[in-house]
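One-letter residues, chain by chain:
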Amino acid sequence: MTRFLDIFCRVTEWIAAILLVAVTALVVVSTLGRYLFATPVPDSFDISRLILGACLAWGFAVIGLKGGHIQVDLVAESLGPRLRRAIDALAWAALLLFAVLLAWKIWGRILSVRASGETTFDLRLPLWPFLALIWGGLAASCVTIAIKLIRIIAGVDMVASADNQELDEAKRGLR
């Protein structure tokens, strides 16, 4: 199971990275086109914001397994391991609820956009595939957050403080 999780996490990281490269390239090319040739890439604003949304959703999936999101350790650091695990489980359960609700709402938006035939302004590209890409990232987030929650409840994972994570990374030479 751990090997599957590693592969799943690596794939989500690659998808997020590819989307980030794509949005960066689109913005650079469109900006250069606008200022050098007075012709920006058509629909660059719409496409870049949709791809950036997908990039964030897929990045959110990576955070689901690896952690690394913003956390406040004022109370949790002073508690024992059992109570700390309970607080971590409650926090991750709330995050899972948020992710499920967000994925559900985006799914409804996909159905609405597909039925209405909404498109981008210039190129008339359908919007629903971009929204489906965002939904895919949110669905992956639900999976990764649920796995992390199960691992916390089972006592396999503990949510490390941000300071401890930085120290561990520094020891391993990652920073």
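Quick caveat, the model's predicted, so the values are computed rather than measured.

Thoughts on the overall build of the chain
Part 1 of the reasoning: For the chain, the count of helices and strands is 5 helices and 0 strands.
Part 2 of the reasoning: Burial analysis of the chain (175 residues in total) assigns 33% to the buried set.
Part 3 of the reasoning: The long-range share in the chain, meaning contacts at least 24 apart out of those at least 6 apart in sequence, stands at 76%.
Part 4 of the reasoning: Carbon and sulfur atoms make up 70% of the accessible area of the chain, which totals about 11000 Å².

Describing helix α1 (residues 2–37)
Part 1 of the reasoning: If you check α1, its first and last C-alpha atoms are 51 Å apart, about what 36 residues at 1.5 Å a residue would give, namely 52 Å.
Part 2 of the reasoning: Burial in α1 covers these residues: Leu-5, Cys-9, Thr-12, Ala-16, Leu-19, Val-23, Leu-26, Ser-30 and Gly-33.
Part 3 of the reasoning: For α1, the secondary structure elements touched by its buried residues are α2 (44–66) and α4 (128–154).
Part 4 of the reasoning: Looking one or two places after α1, you find Ala-38, whose phi comes out positive at around 60°.

Focus on the side chain of Ser-44
Part 1 of the reasoning: Relative to the helices and strands, Ser-44 resides in helix α2.
Part 2 of the reasoning: Judged by relative accessible area, Ser-44 falls into the buried class, the value being 10%.
Part 3 of the reasoning: Apart from residues lying up to four places away in sequence, Ser-44 is in contact with Leu-26 and Ser-30.

Let's talk about unusual backbone geometry
Part 1 of the reasoning: A positive phi angle, near 60°, is found at Ala-38, a position not held by glycine.
Part 2 of the reasoning: Among the secondary structure elements, Ala-38 is positioned in the loop between α1 and α2.
Part 3 of the reasoning: Residue classification places Ala-38 among the exposed residues on the basis of a relative accessible area of 65%.
Part 4 of the reasoning: Non-glycine residue Arg-124 carries a positive phi angle of around 60°.
Part 5 of the reasoning: Its location among the elements puts Arg-124 in the loop between α3 (81–116) and α4.

Section: the packing of α3 against α4
The axes of two packed helices give the description: the angle between them and the distance between them.
Part 1 of the reasoning: For the pair α3 and α4, the least separation of the axes is 9 Å and the interaxial angle reads 160°. Relative to α4, α3 is oriented roughly antiparallel. You can see that α3 and α4 cross each other, and the crossing is left-handed.
Part 2 of the reasoning: For the contact of α3 with α4, the class distribution of residues is 25 nonpolar, no polar and 5 charged.

A look at the packing of α1 against α2
Part 1 of the reasoning: The N-to-C vectors of α1 and α2 enclose an angle of 155°; their axes lie 8 Å apart at closest approach. Looking at the two axes, α1 sits roughly antiparallel to α2. Remark: the crossing between α1 and α2 carries left-handed chirality.
Part 2 of the reasoning: Considering only residue class, the contact of α1 with α2 consists of 18 nonpolar, 5 polar and 2 charged.

Quick notes on the pattern of salt bridges
Opposite charge on two side chains makes pairing possible when the charged atoms of those side chains draw close.
Part 1 of the reasoning: Taken as a whole, this structure holds 3 salt bridges when the rule is applied.
Part 2 of the reasoning: Salt-bridge contacts for Asp-46 lead to Arg-49; the nearest nitrogen and oxygen are separated by 3.3 Å. Of this pair, Asp-46 and Arg-49 both sit in helix α2, 3 residues apart, roughly one helical turn.
Part 3 of the reasoning: What makes Asp-46 buried here is its relative accessible area of 17%.
Part 4 of the reasoning: Arg-109 is the partner of Glu-118 in a salt bridge, and the nearest nitrogen-oxygen pair spans 3.4 Å.
Part 5 of the reasoning: Judged by its relative accessible area of 36%, Arg-109 is partly exposed.

The rules we used
Along every chain, residues carry numbers that run from 1 in the direction the sequence is written. Whole-chain, interface and lining totals are the exception, using all residues; otherwise, since this is a predicted model, local features are given only for residues with pLDDT of at least 70 and side-chain atom pairs are given and counted only at 80 or more. To obtain the side-chain values, all non-hydrogen atoms of the structure were included, while hydrogens and water were left out. The way it works is that DSSP assigns letters per residue, a run of H or I at least four long becomes a helix, a run of E at least two long becomes a strand, and they are numbered from the N terminus. Burial classification: accessible surface area is computed with a 1.4 Å probe over protein chains only, and a residue below 20% of its type maximum counts as buried, one above 50% as exposed, and the rest as partly exposed. Residue contacts follow a heavy-atom distance rule, with two residues in contact if any of their heavy atoms lie within 4.5 Å. Exposure was quantified through the Shrake-Rupley algorithm and a 1.4 Å probe, taking into account, for residues, occlusion by the shown protein chains and nothing else. An expected span of 1.5 Å times one less than the residue number is assigned to each helix. Think of each axis as a best-fit line through the C-alpha atoms, taken over the contacting stretch in the case of a helix, with angles from 0 to 180 degrees between the N-to-C directions. Throughout, the term roughly parallel applies to angles under 35 degrees, roughly antiparallel to angles over 145, roughly perpendicular to angles from 65 to 115, and oblique to all others. In a left-handed crossing the near helix is turned counterclockwise from the far helix by less than a right angle, and in a right-handed crossing that turn is clockwise. Three classes are used: nonpolar for Ala, Val, Leu, Ile, Met, Phe, Trp, Tyr, Cys and Pro, charged for Asp, Glu, Lys and Arg, and polar for all others, with Gly counted as polar. In the sections that follow, a salt bridge refers to a side-chain nitrogen of Lys or Arg positioned within 4 Å of a carboxyl oxygen of Asp or Glu.

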